[in-house]
Amino acid sequence: MNVTDDGPVRRVTLDRPEARNALTAGDVRDLHAALDLGPDTRAVVVDAAGPVFSAGMHVDEFLALSSVTDAEAFIARLRDLLRAVRTAPVPVLVAVDGPCIGAAFELALAADLRVATTRAAFGLPEVKLGIPSVVDAALLQQHVGLALAKEIVLTGDLYPVERLGTLCNAVVEPSGLAGAVEELLAKVGGHTRTVLAAQKRLFETWQNTGLAEGADRSVQEFAGVFAEEETREVLAAYRARLGRRGASRDG
């Protein structure tokens, strides 16, 4: 796995194409560590080398689980990684080219944004291994509807991206993947860290609470951003731009 900082963007690349980028317990640990972000980071991109985004968790990891206790500890580490993706203080974007399976699909579901190529495909094959799909597979029905989500989970089959409706924010030809990622990054990565973190916290609040509590927490988050000077700086700069446009029209 390669982790690099490209200006304000942290880029994480799954880089074991000879193993179809299958994930190990060490990869889960390293992915979690990659989400320990500095104050200047404005977005995270997860992509992969090779023709397969990821075959999901390596089956040897499951075979190594010799007890209920081992199994619980193992899946808890994946749960913690996916929670870190959802609650990261900046947008997390997953760029998928080729099959995206199992735990890797859950990673994509946990992310804020998904860009895929026309040769991307998604599946949760765990049922074929005698184990349930868990953790952020719970989000699937929000993206594709309950009927299709149940079909995907219960068949364990691989589904082409065109079957999955609005799961992805953009679907492009393989040659256009990098450009589509950069275009989306340009739109979401230029905001203040303060507002990005507040908005990410609100997404998690809205996901896990009712409307009334979500609205109350929204009031608190709105007020809280005014504790940071960068909020006032952005507001002042926006007001100045409006003033210049008005003066230009008047002239």
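See the structure above.
Residues numbered from 1 in each chain as written. Predicted model: local features only at pLDDT ≥ 70, side-chain atom pairs only at ≥ 80, totals over all residues. Heavy atoms only, no water.

(A) Main features of the sheet that holds strand S8 (residues 158-160). One open sheet accounts for 3 strands, arranged S5-S7-S8; its pairing is mixed. Across the chains shown, the open sheet's two edge strands, defined by having one partner strand only, are strand S5 (99-101) and S8. Taken pair by pair, the neighbouring strands of this sheet meet at an average axis angle of 25 degrees, ignoring direction. (Pairing = 2+ DSSP bridges. Helix = DSSP H or I, 4+ residues; strand = E, 2+ residues; numbered from the N terminus. Axes fitted to C-alpha atoms, helices over the stretch in contact; angles between N-to-C directions.)

(B) Region of the structure containing the sheet that holds strand S3 (residues 43-48). Spatially, 6 strands are ordered S1-S2-S3-S4-S6-S9 in an open sheet, and the strand pairing comes out mixed. Since the sheet does not close on itself, it has two edges, and those belong to strand S1 (2-6) and strand S9 (170-172), each with one partner. Strand-to-strand twist of the sheet, defined as the mean angle between neighbouring strand axes without regard to direction, takes the value 20 degrees. In this structure, S3 lies alongside strand S4 (residues 92-96), joined through 3 bridges in parallel fashion. By the bridge assignment for S4, Val-45 is matched with Leu-93.

(C) Inspection of the pattern of salt bridges at higher detail. Here the structure, examined in full by the defined rule, presents 15 salt bridges. The partner of Arg-11 in a salt bridge is Asp-6, with the nearest N and O atoms 3.1 Å apart. On the accessibility criterion, Arg-11 (18% relative accessible area) is buried. Accessibility expressed as a relative area gives 43% for Asp-6, which makes it partly exposed. (Salt bridge = Lys/Arg side-chain N within 4 Å of Asp/Glu carboxyl O. Buried < 20%, exposed > 50% of the residue type's maximum accessible area, 1.4 Å probe, protein only.)

(D) Examining the environment of Arg-42 more closely. As for its position among the elements, Arg-42 is in the loop between helix H1 (25-34) and S3. Look at Arg-42 and you get buried, because its relative accessible area is 17%. Sequence separation between Arg-42 and Arg-16 is 26 residues; the distance between their C-alpha atoms is 27 Å. When neighbours within four sequence positions are excluded, Arg-42 is seen to be in contact with Pro-8, Val-90, Pro-91, Gly-189, His-191, Thr-192, Arg-193 and Leu-196. A polar contact is formed between the side chain of Arg-42 and the backbone oxygen of His-191, at a distance of 3.2 Å. (Contact = heavy atoms within 4.5 Å. Polar contact = N/O pair within 3.5 Å; in protein donor to acceptor, adjacent residues only side chain to side chain.)

(E) Local environment of the packing of helix H8 (residues 193-208) against helix H9 (residues 211-224). Look at H8 against H9: their axes get within 10 Å of each other, and the N-to-C directions meet at 170 degrees. The orientation of H8 with respect to H9, classified from their angle, is roughly antiparallel. Contact with H8, carried on its side by Ala-198, Arg-201, Leu-202, Thr-205 and Trp-206, involves Gly-214, Arg-217, Ser-218 and Glu-221 of H9 and no other residues of that element. Of the residues in the contact of H8 with H9, the class split is 3 nonpolar, 3 polar and 3 charged. (Parallel < 35°, antiparallel > 145°, perpendicular 65-115°, else oblique. Nonpolar A, V, L, I, M, F, W, Y, C, P; charged D, E, K, R; others polar.)

(F) Just H1, in detail. Residues of H1 that are buried: Gly-26, Asp-27, Val-28, Leu-31 and Ala-34. Buried residues along H1 sit against S1, strand S2 (9-14) and helix H3 (68-87).

(G) Molecular detail of the packing of aromatic side chains. By the definition in use, this model includes 4 aromatic pairs. With a centroid separation of 5.8 Å and 75 degrees between ring planes, the pair formed by Phe-62 and Phe-74 is classed as edge-to-face. Of the two residues, Phe-62 sits in helix H2 (residues 59-63) while Phe-74 sits in helix H3, which places them 12 residues apart along the sequence. Ring centres 5.1 Å apart and planes at 45 degrees place the aromatic pair Phe-105 and Phe-122 in the tilted group. With a gap of 17 residues between them, Phe-105 in helix H4 (residues 103-110) and Phe-122 in strand S7 (residues 121-123) connect regions that are remote in the sequence. Like Phe-105, the residue Phe-122 is buried in the burial classification. (Phe/Tyr/Trp six-rings, centres within 6.5 Å; stacked < 30°, edge-to-face > 60°.)

Fair warning: the whole summary comes from geometry, so function is off the table for now.
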